[in-house]
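# Coordinates in review
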Amino acid sequence: MVSDGTSPLTPLAQEALDALASTIPPGGELTYEQAYAVLAEEEDLGQPDAEDIIERLYNKGHLYEVEGKLRLTDS
């Protein structure tokens, strides 16, 4: 098996990414608070869980931050 050095997202992380992607317009951004609200509404996640998922997505390169706001990477 050949690995590209990244691990796949968990199902919950993938669902959270999909929820954020459906909310952020192309080229748009969200504040952290808006992202937490999306995950609370769409995925029924509390603040600590939403923070954890966003951190995982950020660390895996699915999200990045510009001036305190979150953007999706192009993939």
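Look up: the structure comes first, before these words.
Residues numbered from 1 in each chain as written. Predicted model: local features only at pLDDT ≥ 70, side-chain atom pairs only at ≥ 80, totals over all residues. Heavy atoms only, no water.

Assignment of secondary structure puts threonine 10 in the segment before α1 (11-23). Classification of threonine 10 as partly exposed rests on a relative accessible area of 36%. Remark: the alpha-carbon pair of threonine 10 and arginine 56, spanning 46 residues in sequence, is separated by 10.0 Å. Within the local environment of threonine 10, its side chain forms a polar contact with the backbone nitrogen of alanine 13, the two atoms lying 3.1 Å apart. (Helix = DSSP H or I, 4+ residues; strand = E, 2+ residues; numbered from the N terminus. Buried < 20%, exposed > 50% of the residue type's maximum accessible area, 1.4 Å probe, protein only. Polar contact = N/O pair within 3.5 Å; in protein donor to acceptor, adjacent residues only side chain to side chain.)

Over the atoms, a rolled probe matching the size of one water molecule traces out where space is still vacant. The volume enclosed by the largest pocket comes to roughly 160 Å³. Looking at the lining of the largest pocket, the elements that each hand over two or more residues are α1 and β3 (69-72). Grouping the constituent residues of the lining of the largest pocket by class yields seven nonpolar, five polar and two charged. (1 Å grid on protein atoms, 1.4 Å probe; cavity = no way out; pocket = protein on both sides within 12 Å on 5 of 7 lines; lining within 4 Å. Points joined across faces, edges and corners; volume = space filled by probe spheres on them. Nonpolar A, V, L, I, M, F, W, Y, C, P; charged D, E, K, R; others polar.)

What follows covers helix α2 (residues 32-43). If you check α2, its first and last C-alpha atoms are 16 Å apart, about what 12 residues at 1.5 Å a residue would give, namely 16 Å. Listing the buried residues of α2 in full gives Ala35, Tyr36, Val38 and Leu39. Take α2 and look down its axis: the buried residues cluster within an arc of 160°, on one side only. Facing away from the buried surface of α2 by more than 90 degrees, the exposed residues are Glu33 and Glu41. Turning to α2, the residues buried within the fold contact α1, β1 (30-31), α3 (47-59) and β3. (Expected span 1.5 Å × (residues − 1). Arc of directions from axis to C-beta. Contact = heavy atoms within 4.5 Å.)

Attention now moves to the sheet that holds β3. The three strands are arranged β1-β3-β2 in an open sheet whose pairing can be described as antiparallel. In this open sheet, the two edge strands, each paired with only one partner strand, are β1 and β2 (63-66). Both β1 and β3 contribute to a ladder of two bridges, which runs antiparallel. Bridge pairing in β3 places threonine 31 opposite lysine 69. Running at roughly 95° to β2, α3 makes contact with β2 and β3 of the sheet. (Pairing = 2+ DSSP bridges. Axes fitted to C-alpha atoms, helices over the stretch in contact; angles between N-to-C directions.)

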